[in-house]
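Breakdown of the fold
Each chain, written out:
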Amino acid sequence: MVDELGYLDIDEQGADLMFQLVSTRYEQRSTIITTNVGIGGWSKEFGDEVTAGAIADRVCHHCTLIKITGRSYRLKDLPADKRREG
């Protein structure tokens, strides 16, 4: 599982490692990726349109996309005066 893709900056080495991970697992194992960045924005995240396209191609080939909207589940128990929701 890759959690919060795009939360931290991804340098060239990180993009290469992500490509290796996805390529190794492609058509072999399931991979869950959570992100608040749409696939169209991955080229900015990975710093390279070709790398982002190759990763997206493998991830999306047999994928199920689930878009979750609404309030953050992680904030559900936080008192209202402490929340900073967008």
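Residues numbered from 1 in each chain as written. Predicted model: local features only at pLDDT ≥ 70, side-chain atom pairs only at ≥ 80, totals over all residues. Heavy atoms only, no water.

**With respect to helix H1 (residues 12–25)**
Under the 1.5 Å per step criterion, the end-to-end length of H1 is 20 Å for 14 residues, consistent within 8% with the ideal 20 Å. All of the buried residues along H1 are Ala15, Met18 and Val22. For H1, the angular spread of buried residues about the axis comes to 60°, placing them on one side. H1 presents Glu12, Gln13 and Thr24 as exposed residues on the side facing more than 90 degrees away from its buried surface. Where H1 is buried, its residues contact strand S1 (2–5), strand S2 (33–35), helix H2 (42–46) and helix H3 (49–60). For H1, the N-terminal cap is Asp11; the gap from its side-chain oxygen to the backbone nitrogen of Gln13 is 3.3 Å. A positive backbone phi angle near 60° is found at Glu27, which sits one or two residues after H1. (Helix = DSSP H or I, 4+ residues; strand = E, 2+ residues; numbered from the N terminus. Expected span 1.5 Å × (residues − 1). Buried < 20%, exposed > 50% of the residue type's maximum accessible area, 1.4 Å probe, protein only. Arc of directions from axis to C-beta. Contact = heavy atoms within 4.5 Å. Polar contact = N/O pair within 3.5 Å; in protein donor to acceptor, adjacent residues only side chain to side chain.)

**A look at the environment of Ile10**
Considering the arrangement of structural elements, one finds Ile10 in the loop between S1 and H1. The sequence separation of Ile10 and Glu45 amounts to 35 residues, and the corresponding C-alpha distance is 6.3 Å. With residues up to four places along the chain from it excluded, the contact list for Ile10 reads Leu5, Ala15, Glu45 and Phe46.

By themselves, these are just geometric observations and shouldn't be taken as functional.
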